[in-house]
Amino acid sequence: GSRMVRRLIALARLLEARGDEDGSRARFRQAAEAGRAMGPEALEPEDKDLYFRAARHQAELAEHEGRGADAIGWWQATLASDRSGIETLRRLAALHEAAGDPLSALRDVVKGLIYQADDKDLLERRDRYLWSIPLESPACTAEGLKGLVDPVHCVRKAKGILDDRRGDPEWLEVAEHLLALADRVDPGNLMAKALLSRARLRLGDRDAAIAGFEAVRAAKPTGLFQGDGPEAWQLANQALGDLYLEVGRPAEAIACLADFRDSPRSGAATLFKLGQAHEELGELAKARSYYRQVTGYEDNPLAWQAREAIDRLSRGAEGGN
């Protein structure tokens, strides 16, 4: 078997020297196919090297002739060679991209980054392929994406987009897509869930945002080593406080805002919203109490609004007498 590969390549070279290009190409292909069928591990070391040269030749030829599927098959065959590496994987990624298969292209890129983690082209390709993965594809399961989608990278990239207030809807959709991938791979990642809800809210899907934030609130982190879980939980409380007020659910807004008060990010706005929620429920004494606390933030624009609210409630109380 091993000798057959050697003989076919010798014949191919002989035909090439005689000017029989078609015959030479046919023998090179036969040699490559024979080696691939046997598997390189079955070949003698010198024949293995000849086989990989023949396989590379087939890959380059198929690529040149625009036979993408053949080129992919042959380049993949060369990956078992010691001489194969980052450049082979880069070519495979480009071929898979051209074939409309971003998941396979991403797989090539992730392997390539093992050779060189800071390769600029591969890093750009990684992001491009992540954005292109069709979430509705049957291959896009948590298991199928494992090792290909890094939730930490997706969350960091998406957060950068969401924090940029100038972000247009197309970029917001990119953020939503990255966060949906992160959520699929790591369903317990509360930050991915909270930011995904934030993206959906920015894109105008309030119902989906509320449902997402509610899922984060229901999964309150307990115990140590929760990472950014507690921060995500408070993001959900803050957002739900606003959203419940918007949709006329003041009692639920109060529960969320009361929890958010424990956050270092809580301040005059939280107290003012608590005042609004209690006022909406007709609990005017509590509303006044929260508005008074807001007036303590003298440099905050909400302080004068709180004083107006206190005056309004006082006039209402006088009018009711």
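Residues numbered from 1 in each chain as written. Predicted model: local features only at pLDDT ≥ 70, side-chain atom pairs only at ≥ 80, totals over all residues. Heavy atoms only, no water.

Trainee: So, the environment of Leu196: which residues are in play, and what are the values?
Mentor: Examined against the element boundaries, Leu196 turns out to sit in helix H11 (residues 190-202). Measuring from C-alpha to C-alpha, the distance between Leu196 and His177 comes to 8.5 Å, with 19 residues separating the pair along the chain. Apart from the residues within four sequence positions on either side, Leu196 is in contact with Glu176, Leu179, Ala180 and Asp183. (Helix = DSSP H or I, 4+ residues; strand = E, 2+ residues; numbered from the N terminus. Contact = heavy atoms within 4.5 Å.)

Trainee: So what about the packing of H11 against helix H13 (residues 229-246)? Which residues, and what values?
Mentor: Put simply, H11 and H13 touch, their axes get as near as 8 Å, and they point 30° apart. When the axis of H11 is compared with that of H13, the two are roughly parallel. As H11 runs across H13, the sense of the crossing is left-handed. Touching Leu190, Met191, Ala194 and Leu201 of H11 are Gly229, Glu231, Ala232, Leu235 and Leu243, all from H13. For the contact of H11 with H13, the residue count by class is seven nonpolar, one polar and one charged. (Axes fitted to C-alpha atoms, helices over the stretch in contact; angles between N-to-C directions. Parallel < 35°, antiparallel > 145°, perpendicular 65-115°, else oblique. Left-handed = near helix turned anticlockwise from the far one by under 90°. Nonpolar A, V, L, I, M, F, W, Y, C, P; charged D, E, K, R; others polar.)

Trainee: Give me the nonpolar core: which residues, what numbers.
Mentor: Ranked by size, the top nonpolar core spans 66 residues in total, and within it Leu130, Ile133, Leu145, Val149, Leu179, Phe213 and Tyr291 carry the most contacts. When residues in this core are grouped by element, the largest group, nine residues, is from helix H10 (residues 169-185). If sequence neighbours within four positions are ignored, Leu130 has contacts with Leu106, Val149, His153, Cys154, His177, Leu178 and Leu181. Grouped together as the second largest cluster of nonpolar side chains are 23 residues, Leu43, Leu50, Tyr51 and Trp75 included. (Core = buried A, V, L, I, M, F, W, Y, C linked by side-chain atoms within 4.5 Å. Buried < 20%, exposed > 50% of the residue type's maximum accessible area, 1.4 Å probe, protein only.)

Trainee: So what's going on with a negative patch on the surface? Which residues, and what values?
Mentor: Together, Glu16, Asp20, Glu21 and Asp22 make up a negatively charged patch on the protein surface. Within the element layout of this structure, Asp20 appears in the loop between helix H1 (2-17) and helix H2 (21-38). (Patch = residues over 30% accessible without salt bridge, like charges linked within 9 Å, V, L, I, M, F, W, Y side chains within 5 Å. Areas by Shrake-Rupley, 256 points an atom, 1.4 Å probe, with all protein chains shown as cover. Salt bridge = Lys/Arg side-chain N within 4 Å of Asp/Glu carboxyl O. Lys, Arg positive; Asp, Glu negative; His and termini not counted. Charge placed at Lys NZ, Arg CZ, Asp CG, Glu CD.)

Trainee: Run through the packing of aromatic side chains, naming residues and quoting values.
Mentor: The description of an aromatic ring pair rests on the distance of the ring centres and on the angle between the ring planes. In the structure shown here, the tally under the stated rule is three aromatic pairs. Geometrically, the ring pair formed by Tyr51 and Phe52 is tilted, given 5.1 Å between the ring centres and 45° between the ring planes. The class for Tyr51 is buried, based on a relative accessible area of 1%. Relative to Tyr291, the ring of Phe272 lies with its centre 5.4 Å away and its plane at 55°, an arrangement referred to as tilted. You can see Phe272 sitting in helix H15 (residues 268-280) and its partner Tyr291 sitting in helix H16 (residues 284-295), a full 19 residues away along the chain. Phe272 sits in the buried class, given a relative accessible area of 10%. Given the relative accessible area of 2%, Tyr291 is considered buried. Here the basic side chain of Arg36 rests over the ring of Trp74, its NZ or CZ set 3.7 Å away from the ring centre. (Phe/Tyr/Trp six-rings, centres within 6.5 Å; stacked < 30°, edge-to-face > 60°. Lys NZ or Arg CZ within 6 Å of the ring centre and 35° of its normal.)

Trainee: Give me the packing of helix H5 (residues 86-98) against helix H6 (residues 102-115): which residues, what numbers.
Mentor: Interaxial distance between H5 and H6 falls to 8 Å at its minimum, and their mutual angle equals 165°. One element, H5, and the other, H6, form an angle in the roughly antiparallel class. In this structure, the crossing between H5 and H6 has a hand that is left-handed. Of H6, the residues touching H5 (which contributes Ile86, Leu89, Leu92, Ala93, His96 and Glu97) are Ser104, Ala105, Asp108, Val109, Lys111, Gly112 and Tyr115.

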